[in-house]
Amino acid sequence: MSIDPAADLPFYYGSISRSDAEQHLKLAGMADGIFLLRQCLRSLGGYVLSLVWNLEFHHYPIEKQLNGTYCLTGGKPHCGPAELCEFYSKDSDGLVCTLRKPCLRSPDTPVRPGVFDSLRENMLREYVKQTWNLEGEAMEQAIISQAPQLEKLIATTAHEKMPWYHAKITRQEGERRLYSGAQPDGKFLIRDREETGTYALSMMYGKTVYHYQILQDKSGKYSMPEGTKFDTIWQLVEYLKMKSDGLLTNLREACVNGKATENTPSLPGTRGKRQNGYTPPPRAVAAVSMPAVAVAEHRDVLPMDTDVFNPYHNPNEVRKFNIQRTQLLIDEVELGSGNFGCVKKGVLKTDSGQIDVAIKVLKSDNEKLVKEEMMREAEIMHQLSNPFIVRMLGLCNAENLMLVMEMASAGPLNKFLSSNKDTVSVENIVNLMHQVSMGMKYLEEKNFVHRDLAARNVLLVNQQFAKISDFGLSKALGADDNYYKARTAGKWPLKWYAPECINFHKFSSKSDVWSFGITMWEAFSYGGKPYKKMKGPDVMRFIDSGSRMDCPTACPERMYAVMKECWTYKHEERPDFKKVEESMRSYHYSISNKAKPEGAAAAAAAAADPAAAEPSK
Ligand code: AMP
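Residues numbered from 1 in each chain as written. Predicted model: local features only at pLDDT ≥ 70, side-chain atom pairs only at ≥ 80, totals over all residues. Heavy atoms only, no water.

Caption draft 1: Main features of the overall build of the chain. Across its full length, the chain carries 17 helices and 21 strands. Within the chain, the proportion of its 617 residues that are buried is 52%. A fraction of 59% describes how many contacts in the chain between residues 6 or more apart in sequence connect residues 24 or more apart. In the form shown here, the chain has an accessible surface area of approximately 28,300 Å², with 50% of it arising from carbon and sulfur atoms. (Helix = DSSP H or I, 4+ residues; strand = E, 2+ residues; numbered from the N terminus. Buried < 20%, exposed > 50% of the residue type's maximum accessible area, 1.4 Å probe, protein only. Contact = heavy atoms within 4.5 Å. Areas by Shrake-Rupley, 256 points an atom, 1.4 Å probe, with all protein chains shown as cover.)

If you want it as structure tokens, here you go:
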């Protein structure tokens, strides 16, 4: 399976160098507006558009944004490389000219895979499987939803699988390894610098080994002193193979790590076709820097086990129930508030770095009851581990009782949608609501009832990644129970509640399904208020009479059909989350599958057809 959205474009060459791109354009005749697309070596998931004008070459980097869109520096966002090229074939919008004629790959020039391409999928799979203990279908779904966010993270540790990576060895040991065997110019290895957490490059030149420190700037990018900056170590190495960038010579032959020879996967262009299946990385388990979650001896070392791993994405490492006050920096910025107190922005310091967190701070004058409530919420959250549920990282009992959670910085879904109406597509909402259904299916399987599912309690990490939050009303059901019965009615969100909650105080996963339907309605109406100005009792009468809210304007029919099923009056006849998630998934996949190939193919066809690509004269 190729996840490179440019893979099918006839003018896409994959991972080729700038000079190779220029060579192809020369061979194609150097007409004004002739262009090709290639993989960008510097920015992950990015491309470079190489274009001819006036017998000169122009190379434009295309960045992949976190929300999954693609843009030229300062240009408009586009949903894919094909759509971007199609746009610039009609409007130069800052380029030297429009894209007029694609420089097509000849049949004997296959798309050249990048070094990371062959590793990416297995690494993603392993990461999702191990971090969230997911298997089978649940894992496949998580991979699809999380790939864009995880890809970058995984890529930052991909060098650990490369034959030239020797992990933590001394400078002397590096020299010993390079001097053993043949000593051609450009033979090289990368090693961890002792104690500093940075990397060094050791390279042979004129039978002498030279050492270079690899710099890392504040944003985490790697470079040689005053050289080009890269997101990852392996991109830097690939670049230095093509360009010396201040070194005595280009990198050439890898000094192969002994362990890597047995285990390292064949990389495109260096060895034969790689076998499917995960290959253990060259680094030994002994190098693992994660005592907290004792990594099983038999387990492969995964990205999250390494020092460079961003702990925000490795919640298991920081799932310590008790957090020391000295580990927390609390910002004045308030993210929100409630009866209990407020939620503040903060930073949690861990052994392997700092993590942005959200801190629920209990008001100091709060009575015992509220404190107990917060402890119960913490207890529930502590038992949950799913990508689509906000994680609790721990509790800190200091000047106030504080619940420390992972940060979902784009905030509540209803607010996000109402203030970003123009940039959020319906497909985007389907994806987010599918994620919510996956999180709810997980809760259902674990026999937890949420009891306050609403768009305000779905928080966004970013535009493409949703997490269910606020477990203040949640309950863990007993093994033999399928509902929780509240003794008395409280301050309840009635508009989100199923009839059996209101009439009999009975709460189950099926009543959460009803709330999911209301949450869907809120989402597809871009943060609209359910039942408009009706009061609680009016809503009950409305529902009892068999009426239901209308389909929001932008909502696809099939999504409205799911909502109405969620609003089945009798809970016995209402679908469960297993069924709801299936419906969400099948619709989500049907539209995303349709949108991608069709969009890409149409753009490719337009670009491949000079008449279509050329502006009318
Ligand atoms: P809650 O009482 O849990 O609903 O939190 C109140 C408000 O605080 C929410 O509506 C959010 O705006 C904010 N908030 C709560 N938890 C988080 C989080 N993990 N990340 C970001 N913001 C949060």
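Don't stop here, the text continues.
Caption draft 2: Broad picture of the site of the ligand. Surveying the vicinity of the ligand reveals 15 residues, the closest of which are Leu335, Lys360, Glu406, Ala408 and Asp470. Measuring from an oxygen atom of the ligand, one finds a side-chain N or O atom of Lys360 at 3.0 Å. Between the ligand and Glu406, the relevant distance is 2.8 Å, taken from a nitrogen atom to a main-chain nitrogen or oxygen of the residue. Summarising the interface, the protein chains cover 90% of the accessible area of the ligand, which totals 480 Å² for the free molecule. Elements supplying a minimum of two residues to the shell around the ligand: β10 (328-338), β12 (353-362) and β14 (401-406). (Near = heavy atom within 4 Å. Polar contact = N/O pair within 3.5 Å; in protein donor to acceptor, adjacent residues only side chain to side chain.)

Caption draft 3: Expanded view of the packing of helix α13 (residues 509-524) against helix α15 (residues 557-566). Packing of α13 against α15 brings their axes to within 7 Å, and their N-to-C directions diverge by 150°. Crossing geometry of α13 relative to α15 is assigned as left-handed. On the side of α13, the interface is formed by Val513, Trp514, Phe516, Gly517, Met520, Trp521 and Phe524, while α15 contributes Met559, Val562, Met563 and Cys566. Counted by class, the contact of α13 with α15 contains 10 nonpolar, one polar and no charged residues. (Axes fitted to C-alpha atoms, helices over the stretch in contact; angles between N-to-C directions. Left-handed = near helix turned anticlockwise from the far one by under 90°. Nonpolar A, V, L, I, M, F, W, Y, C, P; charged D, E, K, R; others polar.)

Caption draft 4: Up close: the sheet that holds β10. With antiparallel pairing, the five strands of this open sheet are ordered in space as β10-β11-β12-β14-β13. Two strands close off the open sheet at either side, each with one partner strand: β10 and β13 (392-397). Direction aside, the axes of adjacent strands within the sheet are offset by 30° on average. Pairing analysis gives 10 bridges linking strand β11 (residues 341-350) to β12, with the strands arranged antiparallel. For Gly346, the partnering residue across the bridge sits in β12 and is Val357. Strand contacts of helix α9 (residues 368-382): β12, β13 and β14, with the helix running at about 30° to β14, the strand carrying the most contacts. (Pairing = 2+ DSSP bridges.)

Caption draft 5: Just the pairing of strand β7 (residues 199-205), in detail. For β7, a buried count of six out of seven residues is recorded, marking the element as mostly surrounded by other parts of the structure. Judged from the five bridges that link them, strand β6 (residues 188-192) and β7 form a sheet pairing that is antiparallel. Looking at the pairing, Arg191 lines up with Ala200 of β7. Sheet topology places β7 next to strand β8 (residues 208-216); seven bridges connect them, and they run antiparallel. Bridging from a neighbouring strand, Met204 pairs with Val209 of β8.

Caption draft 6: Examining α15 more closely. Of all the residues in α15, the buried ones are Met559, Tyr560, Val562, Met563 and Cys566. Within α15, the buried residues cover an arc of 155° as seen down the axis, which keeps them to one side. (Arc of directions from axis to C-beta.)

Caption draft 7: How the structure looks around the nonpolar core. Core analysis: the biggest nonpolar cluster contains 78 residues, and Met433 and Phe516 have the highest contact counts within it. When residues of this core are assigned to their parent elements, the largest contribution, nine residues, is made by helix α11 (residues 426-445). Ignoring any residue separated from it by four or fewer positions in sequence, one finds Met433 in contact with Leu413, Phe516, Thr519, Met520, Ala523, Phe524 and Met584. (Core = buried A, V, L, I, M, F, W, Y, C linked by side-chain atoms within 4.5 Å.)

Caption draft 8: Quick peek at the packing of aromatic side chains. Counting across every chain of the model gives 15 aromatic pairs. With a centroid separation of 5.8 Å and 40° between ring planes, the pair formed by Tyr47 and Tyr70 is classed as tilted. Within this pair, whereas Tyr47 is found in strand β2 (residues 47-53), its partner Tyr70 is found in strand β4 (residues 70-72), the two being separated by 23 residues in sequence. By relative accessible area, which is 2% here, Tyr47 ends up buried. Consider the rings of Phe516 and Phe577, whose centres lie 5.8 Å apart with planes at 85°: the pair is edge-to-face. (Phe/Tyr/Trp six-rings, centres within 6.5 Å; stacked < 30°, edge-to-face > 60°.)

Caption draft 9: The pattern of salt bridges, seen in detail. Evaluation of the coordinates by the stated rule reveals 19 salt bridges. Note that Glu173 and Arg176 form a salt bridge whose closest N and O atoms lie 2.9 Å from each other. Highlighted residues: Glu173 and Arg176, both in helix α5 (residues 171-179), separated by three residues, approximately one helical turn. Between Arg456 and Asp452 there is a salt bridge, with the nearest N and O atoms lying 3.1 Å from each other. Exposure remark for Arg456: the relative accessible area of 30% places this residue in the partly exposed category. (Salt bridge = Lys/Arg side-chain N within 4 Å of Asp/Glu carboxyl O.)

Caption draft 10: Layout of the packing of α11 against α13. Their axes nearest at 11 Å, the elements α11 and α13 cross at an angle of 165°. Classified by the angle their axes make, α11 and α13 are roughly antiparallel. Of the two elements, α11 crosses α13, and the hand of that crossing is right-handed. Touching Val426, Ile429, Val430, Met433, Val436, Ser437, Met440 and Glu444 of α11 are Ser509, Asp512, Phe516, Thr519, Met520, Ala523 and Phe524, all from α13. (Parallel < 35°, antiparallel > 145°, perpendicular 65-115°, else oblique.)

Caption draft 11: Structural view of the environment of Ala410. Looking at where Ala410 falls in the secondary structure, it is placed in the loop between β14 and β15 (411-412). Ala410 sits 51 residues away from Val461 along the chain, and the two C-alpha atoms are 5.4 Å apart. Leave out the neighbours within four places in its chain, and Ala410 touches Phe416, Leu460, Val461 and Asn462.

Caption draft 12: Layout of the environment of Ala167. Along the chain, Ala167 turns up in the loop between α4 (136-155) and α5. According to the relative accessible area criterion, Ala167 is buried, its value standing at 14%. For the pair Ala167 and Arg191, spaced 24 residues apart in the sequence, the C-alpha separation amounts to 5.0 Å.

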